[in-house]
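Residue-level structure breakdown
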Amino acid sequence: MSWWKKLLWIVISAMGVWAMARLALSRGEQISALWIVLAGFCALSISYRFYSKWLATKVLVLNEERATPAILQNDNKDYVPTNRWMVFGHHFAAIAGPGPLVGPVLAAQFGFLPGTLWILIGATLGGGVHDMIVLFASIRRGGKTLGQMVKDEIGLGVGLLALVSVLAIMIILLAVLALVVVQALAQSPWGVFTIATTIPLALIMGIALRTGKVSVIAVTVFGLLGLAFGVWGGQFLAHFPAIEAWFRHDQKWLAWAIMIYGLAASVLPVWMLLTPRDYLSTFLKLGTVAMLAAAVVLINPTLQMPAITKFIDGSGLVFAGPVFPFVCITIACGAVSGFHSLIASGTTPKMIRRESRIRPIGYGAMVTEMMVALMAMIAACVLQPGEYFAINTKGAPTEVVAKVSAAGFPVKEAEMQKLATNLGESTMFNRAGGAPTFAVGMANMFSQVSAKPTALALWYHFAIMFEALFILTTIDAGTRVGRFLLQDFLGNLWRPLGNTRSWSANFLSSVLLVAAWGWFLYEGVIDPLGGINSLWPLFGLANQLLSVVALCLGTTLLIKMHKTKYLFVTLVPLCFMCAVTFSAGYLKVFSSDPRLGFLSGARSLLREASGMADPAKAAELARQAGVWRFDALVAVFFLVLVCLIVLGSARQWWQLIRGTRRAVLHESEFVPISPAGLAQF
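The structure displayed is predicted, hence computed values, not measured ones. (Residues numbered from 1 in each chain as written. Predicted model: local features only at pLDDT ≥ 70, side-chain atom pairs only at ≥ 80, totals over all residues. Heavy atoms only, no water.)

**As for helix α25 (residues 598-610)**
- In this model, α25 (13 residues) spans 19 Å end to end at C-alpha, consistent with the 18 Å of a helix rising 1.5 Å per residue.
- For α25, the full list of buried residues reads Phe 598, Ser 600, Gly 601, Ala 602, Leu 605 and Ala 609.
- Buried positions along α25 lie against α24 (568-590) and α26 (615-658). (Helix = DSSP H or I, 4+ residues; strand = E, 2+ residues; numbered from the N terminus. Expected span 1.5 Å × (residues − 1). Buried < 20%, exposed > 50% of the residue type's maximum accessible area, 1.4 Å probe, protein only. Contact = heavy atoms within 4.5 Å.)

Written out as structure tokens, the structure reads:
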């Protein structure tokens, strides 16, 4: 490296350290949001340039001449060699679900510092490693899924436990994601119009590329023009009531529509719908995030939220739980997320043409998502804290105002009503969940660039549509990956069902999977106290338990590859995530705080029900208590399964290191790519 490049990286490192020092040492004074952007940019640049390159060349030793599963098993359905930018677009769109938008917004109740630190450290040292090593492992093993690799590398018993736990967690994750989309798009013609536009665009793009007569650049330009029309044109539907009625639907209709879309994305060839649509969505995602970053630079907003609030003790108004471990549970995507391992061992490894692409796609997409999470943190923290807590606290308006003001964050009903009017909404109370808060923060910054009085409402509804599109791309890829997982499981019962080259096996497995998560989704839509809402508190815990399973696999592979001197790469994140997930699981089940613990919450509801004179309300509370008990049972089930996987993995590590077990690597046969093939790909 030349001296001027060394100097450049020293300057970037110094800027990153200075930015973090400004954020960490602030005590009461006003801090610019630009410091978060600067810290994120420096962390992204340094970690990708040095750490990911070291992982690729020294730890994993990527081989450019080794044929990938996409080339060896090209079947024009699942295994399809694909342009690297389209693969990046698909992978980023699939992993960047609600987590990097919603998680940081909710975690902002602790202040901007805890969440920012976890995003920066977690993504660069944990999430990037997690995603990259699983993607590498799947490519070296013929595109196998996470559960199948655990069975092959760690053992049959542990593998079967992994298949069951991963599949069960996947169903919950997909149902929760689908419910978020349904709630965001209900009675929103603009959002439905934009998303509906992307489907025929994707089909045309996929078919055009498949003919080989149209270049990627031409297809991209066509897709971007169509996407711009879908985003821009949706706002004018109100002028055409007859057309608007085609796109205005309730939650039940949207639930069925998303199920049908998920089934189509799982069954159709990956090049026809899934990849081009995710590629197209990535432009909107990254474009919007880039606009948000530009708005921060232009406006230079001040972070209104303190660096650390008093809610780090677990008494938060948004959700209960202390800052550790719940900041790491709340912020999953954007830092460390187990869901990423399903995509990295599902659709993505079946499309990559060369091993060198593992680095930009596996690690690069993760640190890109880190920037999305930081933008979401900024969007939440530039709001007045009183407004932030009033939006996310449940209860009657008078109650909420009194509770938030008593906590030291003054707010008035008149202020909240003015905010709702400016946003084009009837009220902004009881809008918990994180998505509305992100939309308000994003609209607040964008509207400052425009002088139009309607700019705030326009940008708010754009942000809601943007969030729904963000999440929907996770559902389509997730359903296809879930189909792979289900076929792995069913293949152990009857081999033909595990054949991914069979259309009938693919269709049957897709129907079964969509029926599973669709049932929970529909129950959540028609019964707010049951179905998926009962599993919502488990979403973050289940997601992070998946990361523990993936890091167990990564550690096993490093030992088998005789890379024990590099074990800290996966072992440190694994130990940290074990501490996070098992402590959070214990608190969620056994905490004496009824706002936090499932069992204590159930007992509290039953006591309240016993003192009620109205039988209907008492029955409703008793039913809700049953839901909390069910949550506790599911949480214990997941914790026990993952604990057994960790113990089984640790036992094998000890045997491998001591030499009492032979280190057999279940890798696909090495097939070199010819020089002509290298030139082609």
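**Focus: the packing of aromatic side chains**
- Tallied over the full model, the rule gives 22 aromatic pairs.
- Arranged with centres 5.9 Å apart and planes meeting at 15°, the rings of Tyr 51 and Trp 54 form a pair that is stacked. Highlighted residues: Tyr 51 and Trp 54, both in helix α2 (residues 34-59), separated by 3 residues, approximately one helical turn.
- Ring centres of Phe 193 and Phe 229 lie 5.9 Å apart, and the angle between their planes is 70°; this geometry places the pair in the edge-to-face category. Taken together, the residues Phe 193 in helix α9 (residues 189-211) and Phe 229 in helix α10 (residues 216-233) connect sequence positions 36 residues apart.
- On the basis of relative accessible area, Phe 193 is assigned to the buried category, the value being 12%. (Phe/Tyr/Trp six-rings, centres within 6.5 Å; stacked < 30°, edge-to-face > 60°.)

**Section: the packing of helix α6 (residues 112-140) against α24**
- Two numbers describe how α6 lies on α24: the axes approach to 10 Å, and their chain directions differ by 120°. The angle between the axes of α6 and α24 places the two elements in the oblique class. The handedness of the crossing between α6 and α24 comes out as left-handed. Residue-level inspection shows Trp 118, Leu 125, Gly 126, Val 129 and Ile 133 of α6 in contact with α24, the latter providing Val 569, Thr 570, Pro 573, Phe 576 and Met 577.
- The class makeup of the residues in the contact of α6 with α24 is 8 nonpolar, 2 polar and no charged. (Axes fitted to C-alpha atoms, helices over the stretch in contact; angles between N-to-C directions. Parallel < 35°, antiparallel > 145°, perpendicular 65-115°, else oblique. Left-handed = near helix turned anticlockwise from the far one by under 90°. Nonpolar A, V, L, I, M, F, W, Y, C, P; charged D, E, K, R; others polar.)

**Remarks on the pattern of salt bridges**
- All chains considered together, the criterion is met by 10 salt bridges.
- In this structure, Asp 78 engages Arg 480 in a salt bridge whose closest nitrogen and oxygen atoms are separated by 2.6 Å. In this pair, Asp 78 sits in the loop between α3 (69-72) and α4 (84-95) while Arg 480 sits in helix α21 (residues 455-493), placing the two residues 402 residues apart along the sequence.
- Take Asp 78: its relative accessible area is 3%, and that puts it in the buried class. (Salt bridge = Lys/Arg side-chain N within 4 Å of Asp/Glu carboxyl O.)

**Notes on the environment of Ile 299**
- Structurally, Ile 299 is set in helix α13 (residues 274-299).
- The class for Ile 299 is partly exposed, based on a relative accessible area of 23%.
- When the C-alpha positions of Ile 299 and Phe 446 are compared, they lie 9.2 Å apart, and in sequence the two are 147 residues distant.
- Excluding anything up to four places from it in sequence, Ile 299 contacts Met 445, Gln 448 and Val 449.

**What to know about the environment of Arg 353**
- Mapped onto the elements of the fold, Arg 353 is located in the loop between α15 (339-344) and α16 (358-381).
- A sequence separation of 173 residues divides Arg 353 from Val 180, and the C-alpha atoms of the two residues are 34 Å apart.

**Quick look at the state of the cysteines**
- Overall, the coordinates contain 0 disulfides when judged by the stated rule.
- With no disulfide of its own, Cys 333 lies closest to Cys 328 among cysteine sulfurs, the gap being 14 Å.
- Using a relative accessible area of 8% as the deciding quantity, one classes Cys 333 as buried.
- Cys 578 provides the cysteine sulfur closest to Cys 575, a residue in no disulfide bond, and the two sulfurs are 6.5 Å apart. (Disulfide = S-S within 2.5 Å.)

**Details of unusual backbone geometry**
- Residue Pro 325 follows Phe 324 across a cis peptide bond; omega there is 15°.
- Residue placement: Pro 325 occurs in helix α14 (residues 323-330).
- Look at Asn 76: it is not a glycine, yet its phi comes out positive at around 65°.
- Looking at where Asn 76 falls in the secondary structure, it is placed in the loop between α3 and α4.
- By relative accessible area, Asn 76 is classed as partly exposed at 38%.

**Concerning the environment of Gly 395**
- Checked against the element boundaries, Gly 395 lands in the loop between α17 (385-392) and α18 (397-406).
- Separated by 112 residues in the primary sequence, Gly 395 and Phe 507 have C-alpha atoms spaced 45 Å apart.
- Other than its neighbours up to four places away in sequence, Gly 395 contacts Val 400 and Asn 430.

**As for α16**
- With 24 residues, α16 should cover 34 Å at 1.5 Å per step; its first-to-last C-alpha distance of 34 Å lies within 8% of that length.
- Along α16, the helix axis deviates most sharply at Gly 364, where the bend reaches about 30°.
- Judged by how many residues are buried, α16 sits mostly within the fold: 22 of 24 residues are covered. (Bend = angle between axes of the 7 residues up to and from the residue.)

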